[in-house]
Amino acid sequence: MLESQGLRVAFGGVEALTGVDIACRHGELTGLIGPNGAGKTTFIDAVTGFLPSNASGTVLFRGEDISSVPPHVLSQRGLNRTWQSVELFDDIDVWSNLAVASQPLTLGRAVTGLWRRERDERIEEVLERFELTGVRSRLPQELSLGQRKLVGIARAMVAQSRIVLLDEPAAGLDRTETVWLGARLRAMVDDGATLLLVDHDMDLVLSVCDRIWVLEFGSVIAEGTPEQIRRDPRVVEAYLGEEHSNAEDRT
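What this report covers is the structure whose coordinates are included nearby.

Rules and cut-offs
- Residues numbered from 1 in each chain as written.
- Predicted model: local features only at pLDDT ≥ 70, side-chain atom pairs only at ≥ 80, totals over all residues.
- Heavy atoms only, no water.
- Phe/Tyr/Trp six-rings, centres within 6.5 Å; stacked < 30°, edge-to-face > 60°.
- Lys NZ or Arg CZ within 6 Å of the ring centre and 35° of its normal.
- Salt bridge = Lys/Arg side-chain N within 4 Å of Asp/Glu carboxyl O.
- Helix = DSSP H or I, 4+ residues; strand = E, 2+ residues; numbered from the N terminus.
- Buried < 20%, exposed > 50% of the residue type's maximum accessible area, 1.4 Å probe, protein only.

1. Considerations on the packing of aromatic side chains
Then comes step 1: Considering all chains together, one arrives at one aromatic pair under this definition.
Then comes step 2: Over the face of the ring belonging to Phe50 we find Arg81, whose NZ or CZ atom lies 5.5 Å from the ring centre.
Then comes step 3: The ring of Trp83 is capped by Arg81, whose NZ or CZ atom sits 3.6 Å from the centre of that ring.

The following block contains the structure:
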């Protein structure tokens, strides 16, 4: 679904990514982890077109080279992302936040009625999936942080995404909210969605992902299933620590 080949990102003389090869398979939940400063958000920025003057290498989306395609066009094609700071429209309600994401650039007058009905049905379906129906008429600032995070993910899904890149969706959530979020993400993938998850909550990542890639200092140091990553000595030393590496043995 999404693949980087030799992806490099430099800011001045500092390389944030140093030739990264990462692949996200269709219908899987792919994890991307690593210490602070490893290049995780930079990777998301680069493959979604937000660093055109800093990035080099090749990015393939469904087999097509999108290295020079701007973000708004990528979004229309089904490549979408969320943001660490959520970035909702604070002056409109939850339903309208989702409606904005589904608005096409052009709309023929003859299909306006049909398009609106299909849009409304899609919004209602996504609101129900994320248990947001009860807050559909509320403004974002009236919601909890967990609810705002879910609205951000729901907005990306309403846009009929083929893949969504999630940048630390569990940041700031308590354990109950994180477990609930993980269950929703897993259910989405089981229903056919394709997701890339960047997060520092290792319990979340190791429990819901099909495959995980690990970055350190802008380079990939490991890739594999959660079980393989949990036991990889390079990953344990660089990031996980003994607590997570031994967690499976204690269960």
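From this point, the discussion proceeds with the structure in view.
2. Observations regarding the pattern of salt bridges
Then comes step 1: Counted by the stated rule, this structure contains 13 salt bridges.
Then comes step 2: Among the ionic pairs, Arg77 bridges to Glu64, the shortest N-O distance being 3.2 Å. Within this pair, whereas Arg77 is found in helix H2 (residues 71-77), its partner Glu64 is found in strand S5 (residues 64-65), the two being separated by 13 residues in sequence.
Then comes step 3: Since its relative accessible area comes to 33%, Arg77 is described here as partly exposed.
Then comes step 4: A relative accessible area of 42% places Glu64 in the partly exposed class.
Then comes step 5: The salt bridge partner of Arg234 is Asp232, with a shortest N-O separation of 2.8 Å.
Then comes step 6: Look at Arg234 and you get partly exposed, because its relative accessible area is 49%.

By themselves, these observations are geometric and do not establish any function.
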